[in-house]
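Tertiary structure, described
Each chain, letter by letter, is given below.
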Amino acid sequence: MSVIRSKRFFVMPVFTLAIAFLLLAYPAPTLEAAIRGVTIWWDILFPALFPFFLISEMMLGFGLVHFFGTLLDPMMRPLFRVPGIGGFVMAMGFASGYPVGARLTAQLWEQKMVNREEGERLVAFTTTSDPVFLIGAVSVGFFHDAKLAILLAAAHYGGAVLLGLFMRFHGPRQPSPSPEVNHSGRLLARALREMHRARLKDARPFGTMLQQAIRSSIQMIFVIGGLVVLFSAVMEVLRQSHALDFFYASIQALFQWLSIPAVLADSVVNGFFEVTLGAKAAGEAGGHIPLLYKAMLAAFVLSWGGLSVHGQIVSLLHTTNLRYSPFLMARLVHGLLAAGLTALLWNWLQPEAAPAFLPVLKENVSPQFLHWTWPVPLTLAVLTVLLALLSVLSLIFYRWRRTRHSTKV
């Protein structure tokens, strides 16, 4: 055991030294890749993520997270084995994209509102792409077909829900309380009381809360930006040094065995490190490649997230006791589920059969327009719809379980 630990101790320093040598060996490509990373962070990630980091901090302080936690508990606990507050994390994660779900989960763990197994389940299925990136960058920008967004969204978010149902078996089996039966009073009234208690317990003035929320959000945004720039540079020097040739050859051999065009190996290799590069490689693979294969690879890459996103998640969870290995396996399973659902739903939701569901999403709309004008309005709209839908489903669960309990009594 000590030998294994000593080997692990030396792996990271040696790897870091090798990357540092490559960065020095290829200064010009490194600089260009770093500039691209800064551009992605400043133009896309900063405006897309900062408002929702700030909003989530404020909602925690005002007790709104506790309100939705109580309201959604009757559905989230029996289905996903997480507290009802996980429903809010699920809605925020789906609407705002990675790594918002991990950020909220870390905050809930710090406040002792979830334990380790619940937090690992929650991070696993709430780490998804945001609708703006899926529609604007992938469907419109890379595939030049907005109708493909319906298929990709169904496969991506449907796979996340299925993953959440699978992750309920993660961790030891423990009896789950039934708050809708053990507590008296109407569910909505209890949710309002919990919100009021949380606000009284926080007790920070609005100005102090806002100042601390801005400071925390800015700090997290810069951590994410640093990781994006780092992985962009590392990916470029690995490509320049031909260190990825064996990886390329292995993926191409696997694809040939599966009768998938070998040129799509670029999508997997690029997407292994960075989701944007992988999705772009899938969309621009060539007109002779069947669209189904390209859509399946894009769905896989979106769900895997890339090591850049993995690094962001690890940086967010380093202050908790949540483990990385369950998240790693969940990303792989989510990718396979999304690719499988893309093939399964192809006959019903392929672009030729899908309606033009939003008039502004025509093929002549540029992804830059969507990036600059849609992130906050569209994300707020998606978040509102998701929270409303989850609340209605939770009320249905609550009434059904309460009726069943009354019948048994």
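No experiment lies behind these values; they were computed from the predicted model shown.

1. Focus on the overall build of the protein chain
- A tally of helices and strands in the protein chain yields 20 helices and 0 strands.
- The buried share of the protein chain, taken over its 409 residues, is 51%.
- Restricting the contact set of the protein chain to residue pairs at least 6 apart, pairs at least 24 apart contribute 80%.
- Carbon and sulfur atoms make up 69% of the accessible area of the protein chain, which amounts to about 19,500 Å² in all.

2. Details of the environment of Leu-200
- Of note, Leu-200 is situated in helix 10 (residues 187–202).
- Of the residues examined, Leu-200 reaches a relative accessible area of 56% and is grouped as exposed.
- Considered as a pair, Leu-200 and Gly-61 are 139 residues apart in the sequence and their alpha carbons are 9.5 Å apart.

3. What to know about the nonpolar core
- The biggest cluster of nonpolar side chains holds 105 residues, and the ones touching the most others in it are Phe-68, Met-76, Phe-88, Leu-108 and Val-138.
- With 11 residues, helix 2 (residues 27–62) is the single largest residue contributor to this core.
- In this structure Phe-88 touches Met-59, Val-65, Phe-68, Leu-72, Leu-104 and Leu-387, once residues within four positions along its chain are discounted.

4. Quick word on helix 10
- Between its first and last C-alpha atoms helix 10 spans 23 Å; for 16 residues at 1.5 Å apiece the expected length is 22 Å, and the two agree.
- Leu-187, Arg-190, Ala-191 and Ala-198 are the residues of helix 10 that are buried. For helix 10, the buried positions fall inside an angular range of 100° around the axis, keeping them on one side.
- Of the residues flanking the end of helix 10, it is Ala-203, one or two places downstream, whose phi is positive at about 65°.

5. Overview of the pattern of salt bridges
- The final tally for this structure, using the stated rule, is 9 salt bridges.
- Where Glu-236 meets Arg-36, a salt bridge forms, and the shortest distance between an N and an O atom there is 3.3 Å. With Glu-236 in helix 11 (residues 206–240) and Arg-36 in helix 2, this residue pair connects regions lying 200 residues apart in the sequence.
- Between Glu-117 and Arg-116 there is a salt bridge whose closest N-O contact spans 3.9 Å.
- Residue class for Glu-117 comes out buried when judged on its relative accessible area of 19%.
- The exposure class of Arg-116 is partly exposed, given its relative accessible area of 29%.

6. Here we look at empty space enclosed by the protein
- What the rule picks out here adds up to 2 cavities of 30 Å³ or more.
- Looking at the largest cavity, its volume works out to about 340 Å³.
- Lining the largest cavity are 22 residues; nearest its centre among them are Ile-44, Leu-45, Tyr-98, Asp-130 and Phe-133.
- When grouped by side-chain class, the residues that make up the lining of the largest cavity number 13 nonpolar, 7 polar and 2 charged.
- The calculated volume of the second largest cavity comes to roughly 30 Å³.

7. Some remarks on a nonpolar patch on the surface
- On the surface, a nonpolar cluster with roughly 290 Å² of combined accessible area is contributed by Leu-162, Leu-165, Phe-166 and Val-333.
- When residues in the nonpolar patch are grouped by element, the largest group, 3 residues, is from helix 8 (residues 148–167).
- Along the chain, Val-333 falls in helix 17 (residues 324–344).

8. Topic: the environment of Ala-339
- Its place among the elements puts Ala-339 in helix 17.
- Separated by 187 residues in the primary sequence, Ala-339 and Leu-152 place their C-alpha atoms 9.2 Å from one another.
- What Ala-339 contacts, discounting residues up to four positions off in sequence, is Met-296, Ala-299 and Phe-300.

9. Some words on the confidence of the model for the protein chain
- Chain-level pLDDT for the protein chain is 83 on average; 87% of the residues reach the 70-or-more range.
- Note that residues 177–184 has pLDDT below 50 and, in this model, 13 contacts with residues that lie over four places away or in other chains.
- Contacts from residues 356–370, a stretch scored under 50 in pLDDT, to residues over four places away or in other chains number 27 contacts.

10. Regarding the packing of helix 3 (residues 64–80) against helix 10
- With their axes 7 Å apart at the nearest point, helix 3 and helix 10 run at an angle of 150° to one another. Classified by the angle between their axes, helix 3 and helix 10 sit roughly antiparallel to one another. In terms of crossing hand, the pair formed by helix 3 and helix 10 is right-handed. Residues Leu-64, His-66, Phe-67, Thr-70, Leu-71 and Pro-74 of helix 3 lie in contact with helix 10, whose contacting residues are Leu-187, Leu-188, Arg-190, Ala-191, Leu-192, Glu-194, Met-195 and Ala-198.
- Residues of the contact of helix 3 with helix 10, tallied by class, amount to 10 nonpolar, 2 polar and 2 charged.

11. Some remarks on the side chain of Glu-120
- If you trace the backbone, Glu-120 turns up in helix 6 (residues 116–126).
- Since its relative accessible area comes to 3%, Glu-120 is described here as buried.
- Ignoring any residue separated from it by four or fewer positions in sequence, one finds Glu-120 in contact with Met-167, His-170, Asn-321, Leu-322, Arg-323 and Pro-326.

12. Some remarks on unusual backbone geometry
- The omega angle of the peptide bond from Tyr-98 to Pro-99 is 5°, so this bond is cis rather than trans.
- With respect to the helices, strands and loops of the structure, Pro-99 is situated in the loop between helix 4 (85–96) and helix 5 (100–110).
- Phi angles above zero are rare outside glycine, and Ala-203 is one such case at about 65°.

13. As for the packing of helix 12 (residues 245–257) against helix 13 (residues 265–273)
- Put simply, helix 12 and helix 13 touch, their axes get as near as 9 Å, and they point 135° apart. When the axis of helix 12 is compared with that of helix 13, the two are oblique. When you trace helix 12 past helix 13, the crossing you get is right-handed. Counting all contacts with helix 12, which are made through Phe-247, Tyr-248, Ile-251, Gln-252 and Phe-255, the residues of helix 13 involved are Ala-265, Asp-266, Val-268, Val-269, Asn-270 and Phe-272.
- Classifying every residue of the contact of helix 12 with helix 13 by side-chain character gives 8 nonpolar, 2 polar and 1 charged.

The rules behind these values
Residues numbered from 1 in each chain as written. Predicted model: local features only at pLDDT ≥ 70, side-chain atom pairs only at ≥ 80, totals over all residues. Heavy atoms only, no water. Helix = DSSP H or I, 4+ residues; strand = E, 2+ residues; numbered from the N terminus. Buried < 20%, exposed > 50% of the residue type's maximum accessible area, 1.4 Å probe, protein only. Contact = heavy atoms within 4.5 Å. Areas by Shrake-Rupley, 256 points an atom, 1.4 Å probe, with all protein chains shown as cover. Core = buried A, V, L, I, M, F, W, Y, C linked by side-chain atoms within 4.5 Å. Expected span 1.5 Å × (residues − 1). Arc of directions from axis to C-beta. Salt bridge = Lys/Arg side-chain N within 4 Å of Asp/Glu carboxyl O. 1 Å grid on protein atoms, 1.4 Å probe; cavity = no way out; pocket = protein on both sides within 12 Å on 5 of 7 lines; lining within 4 Å. Points joined across faces, edges and corners; volume = space filled by probe spheres on them. Nonpolar A, V, L, I, M, F, W, Y, C, P; charged D, E, K, R; others polar. Patch = residues over 30% accessible without salt bridge, like charges linked within 9 Å, V, L, I, M, F, W, Y side chains within 5 Å. pLDDT = per-residue confidence, 0-100. Axes fitted to C-alpha atoms, helices over the stretch in contact; angles between N-to-C directions. Parallel < 35°, antiparallel > 145°, perpendicular 65-115°, else oblique. Left-handed = near helix turned anticlockwise from the far one by under 90°.

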